[in-house]
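# Secondary and tertiary structure notes
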Amino acid sequence: MQVASFSGFIKTLFYIIAFYYIFRFLAKLFLPLLIKKVVEKAGQNMHQQQQRHYQDSWQNDQKDETIIFNTSKDKKPRETKKVGDYVDYEELE
């Protein structure tokens, strides 16, 4: 059976604290650069998507389209949808 020593505890505590401060220092150094790269990449992707959208819409405008107008005049207006007949009820006494 092993018994924990006071010096081993202090050494472990020192390693934990040292790791914490080293990690914090490196995060302050590299995290802004990493975030800047991510934001730039997202901006590039948005710009490319926007360019593709405008190019697609431009190509669609350039295609020949045939538009056919209805020249015959309908003499009677369209009927509205009939649901049923109206029934008038009278009260009986």
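Right, let's walk through the structure included here.

Criteria and cut-off values
- Residues numbered from 1 in each chain as written.
- Predicted model: local features only at pLDDT ≥ 70, side-chain atom pairs only at ≥ 80, totals over all residues.
- Heavy atoms only, no water.
- Helix = DSSP H or I, 4+ residues; strand = E, 2+ residues; numbered from the N terminus.
- Buried < 20%, exposed > 50% of the residue type's maximum accessible area, 1.4 Å probe, protein only.
- Areas by Shrake-Rupley, 256 points an atom, 1.4 Å probe, with all protein chains shown as cover.
- Phe/Tyr/Trp six-rings, centres within 6.5 Å; stacked < 30°, edge-to-face > 60°.
- Patch = residues over 30% accessible without salt bridge, like charges linked within 9 Å, V, L, I, M, F, W, Y side chains within 5 Å.
- Salt bridge = Lys/Arg side-chain N within 4 Å of Asp/Glu carboxyl O.

The next thing to look at is the overall build of the protein chain. Along its length, the protein chain carries 1 helix and 0 strands. By residue count, 0% of the 93 residues in the protein chain fall in the buried class. Approximately 11,000 Å² of the protein chain is accessible, and the part contributed by carbon and sulfur atoms is 60%.

A word on the packing of aromatic side chains. Summed over all chains, the structure comprises 3 aromatic pairs. Ring centres 6.3 Å apart and planes at 20 degrees place the aromatic pair Phe19 and Phe23 in the stacked group. Residue Phe19 and its partner Phe23 are both found in helix α1 (residues 6–62); the two are separated by 4 residues, about one turn of the helix. A single burial state applies to Phe19 and to Phe23, both of which are exposed. With a centroid separation of 5.2 Å and an interplanar angle of 70 degrees, the aromatic rings of Tyr20 and Tyr21 are classed as edge-to-face.

The grouping of Phe6, Phe9, Ile10, Leu13, Ile17, Tyr20 and Tyr21 at the surface amounts to a nonpolar patch, some 760 Å² of accessible area in total. Relative to the helices and strands, Ile10 resides in helix α1. For Ile10, a relative accessible area of 39% gives the class partly exposed.

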